[in-house]
Amino acid sequence: MNKIVEVLPDKTALIERSLQVCVEQIHAAIEQRSSCTIALSGGSTPKPLYEAIATQNLPWDKIHIFWGDERYVLPDHPDSNQGMARSAWLDKVNIPAANIHPMPTEEADPSVAADQHEQHIREFFQVQPGEFPAFDLILLGIGDDGHTASLFPHTEALNVRDRLITVGNKDGQPRITFTAPLINHARCVIFVVAGASKRPALAQVFAPTADDQTYPSRLIQPQGELWWLFDEAAGLELSRS
Ligand code: 6PG
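First, a word on scope: everything that follows refers to the structure included in this document.

Cut-offs used in this document
- Residues numbered from 1 in each chain as written.
- Predicted model: local features only at pLDDT ≥ 70, side-chain atom pairs only at ≥ 80, totals over all residues.
- Heavy atoms only, no water.
- Helix = DSSP H or I, 4+ residues; strand = E, 2+ residues; numbered from the N terminus.
- Buried < 20%, exposed > 50% of the residue type's maximum accessible area, 1.4 Å probe, protein only.
- Contact = heavy atoms within 4.5 Å.
- Salt bridge = Lys/Arg side-chain N within 4 Å of Asp/Glu carboxyl O.

Looking at the environment of K170
Line of reasoning, step 1. Looking at where K170 falls in the secondary structure, it is placed in strand 6 (residues 165-170).
Line of reasoning, step 2. Judged by relative accessible area, K170 falls into the partly exposed class, the value being 34%.
Line of reasoning, step 3. Taking the C-alpha atoms as reference points, K170 and E225, 55 residues apart in sequence, are found 28 Å from one another.
Line of reasoning, step 4. Each residue touching K170, except ones within four places of it in the same chain, is listed here: F152 and R175.

Listed below in structure tokens is the structure:
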């Protein structure tokens, strides 16, 4: 794993730097493999990044969009990660509909939806049971509690090692999420983190020892590149370590 940590002076600079790194990774993937597979994070932090990516002149027909996790709501629900990315970015660019691979949330049983998406990803990447595909780029955020994607502290999802997709649980609310091993097979993982509320969790994630079950972002140790991009509000102490 190649780990890069950068602290930017403020959120605007963080988004600009995140855009630059994402665009570089997208171009590199397309140059090397003629396509780029990206899994998006949800929440609020990445929205301005998605708005910025939408302004770029990229070969959209060579880019495939997935999500690293999804709240178990329909796409038109205000909490939908898919809905946020479509309105901030995907609806603004000429990307083929077939290149957008949302996590299904229509099934009554989230575990059925997780199985469906697992099958879809296996077919897309042509991987067999027991194998993990390598996404070119996975964007992640971190919660104040140290979760990432929908891998929440002390939940069963943290220990799923033989699947690509599983059901997450946030305070009893179901989520669909990439598993830690799927994230860790990525060529490049980028955490984009802003705000002072993230400091306590970051301190534990970057500590030499801490409990992975309590701070699940510690589980993210990808075989490829791991980027941590912070604004100063979130990561000032880390830039001094
Ligand atoms: C989600 C995300 C989640 C998010 C963190 C940080 O569905 O909420 O995928 O992992 O990245 O909770 O969220 P903020 O960016 O809103 O702080």
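Points about the pattern of salt bridges
Line of reasoning, step 1. Applying the stated criterion to the full structure yields 11 salt bridges.
Line of reasoning, step 2. When the shortest N-O distance is used, the salt bridge between E118 and R122 registers 2.9 Å. Of this pair, E118 and R122 both sit in helix 4 (residues 110-125), separated by four residues, roughly a single helical turn.
Line of reasoning, step 3. E118 sits in the buried class, given a relative accessible area of 8%.
Line of reasoning, step 4. The closest approach of N and O atoms between R199 and E237, which form a salt bridge, is 3.8 Å. Taken as a pair, R199 in helix 6 (residues 199-205) and E237 in helix 7 (residues 232-240) lie far apart in primary sequence, 38 residues in all.
Line of reasoning, step 5. With relative accessibility at 34%, the residue R199 sits in the partly exposed group.
Line of reasoning, step 6. Each of the salt bridges in this network shares a partner with another, and the network as a whole consists of D115, E118, R122 and R163.

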